[in-house]
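Topology and contacts: notes
In case you want the letters, here they are:
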Amino acid sequence: MNALRYALLVLHFVGLAAILGPALDQLKADTKRITMAMVWGARAQLLTGLGLVALAEIRASQEDFEVDHVKIAVKLLVALAIVGIAEATRKRENPVTPFWIVTGLTVVNIVVAVAWR
């Protein structure tokens with residue numbers, strides 16, 4: 001079970017890198033857009049995040065701790081917004097605003113994951 005958790009966690013980080021890498025690469029560019037790497041990263045983040053929560057629920061039922069469902073709900077809503085915006089605007093030529101929203105929400109989700117205890 002631990003190996004699966006670590007594999008999902010690594011894939012979760014790969015999804016994060018697939019969103020933030022292209023975003024950081026485009027900071028100096030005049031035309032900013034949602035790349036397919038960002039879309040696939042958002043998809044990976046959502047799916048691996050759901051898998052990590054499922055494993056946490058299984059572990060919580062066997063051990064003595066509780067999953068913070070409010071934190072998970074907030075992260076899920078933010079992740080769904082990221083995926084939805086990335087999917088809806090990936091074919092646009094110059095979606096500057098969606099680019100910044102996806103990048104900003106990704107950073108928000110990182111802050112929630114790290115700072116919410």
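Residues numbered from 1 in each chain as written. Predicted model: local features only at pLDDT ≥ 70, side-chain atom pairs only at ≥ 80, totals over all residues. Heavy atoms only, no water.

Counting across every chain of the model gives three salt bridges. For R43, the salt bridge identified is with E87, shortest N-O distance 2.4 Å. Of this pair, R43 sits in helix α2 (residues 36–62) while E87 sits in helix α3 (residues 69–89), and the two are 44 residues apart along the sequence. Relative accessible area serves as the criterion here: at 27%, E87 is assigned to the partly exposed category. A salt bridge links E63 to R59; its shortest N-O distance comes to 3.5 Å. Among the charged side chains, a salt-bridge network with shared partners connects R43, E87 and R90. (Salt bridge = Lys/Arg side-chain N within 4 Å of Asp/Glu carboxyl O. Helix = DSSP H or I, 4+ residues; strand = E, 2+ residues; numbered from the N terminus. Buried < 20%, exposed > 50% of the residue type's maximum accessible area, 1.4 Å probe, protein only.)

What follows concerns α2. If you check α2, its first and last C-alpha atoms are 39 Å apart, about what 27 residues at 1.5 Å a residue would give, namely 39 Å. Residues of α2 that are buried: M38, V39, G41, A42, Q45, L46, T48, G49, G51, L52, L55 and A60. Its buried side turned inward, α2 meets α1 (2–25), α3 and α4 (96–115). (Expected span 1.5 Å × (residues − 1). Contact = heavy atoms within 4.5 Å.)

Of all hydrophobic cores here, the largest spans 14 residues; its most connected members are I34, M38, I82 and V102. Elements with a minimum of two residues in this core: α1, α2, α3 and α4. Examining the composition of this core, we find that five residues originate from one element, α3, more than from any other. Discounting residues that sit within four places of it in the chain, I82 has contacts with I19, A42, V102, L105, T106 and N109. (Core = buried A, V, L, I, M, F, W, Y, C linked by side-chain atoms within 4.5 Å.)

What follows is about α3. With 21 residues, α3 should reach 30 Å at 1.5 Å per residue; the first-to-last C-alpha distance of 30 Å fits that figure. For α3, the set of buried residues is K71, K75, V78, A79, I82, V83, A86 and T89. Seen from one end, α3 has its buried residues packed into an arc of 160°, which puts them on one side. Relative to its buried face, α3 has exposed residues pointing more than 90 degrees away, namely H69, V70, L77 and A88. Its buried side turned inward, α3 meets α1, α2 and α4. Two or three places before V70, at the start of α3, stands the capping residue D68, its side-chain oxygen 3.3 Å from that residue's backbone nitrogen. (Arc of directions from axis to C-beta. Polar contact = N/O pair within 3.5 Å; in protein donor to acceptor, adjacent residues only side chain to side chain.)

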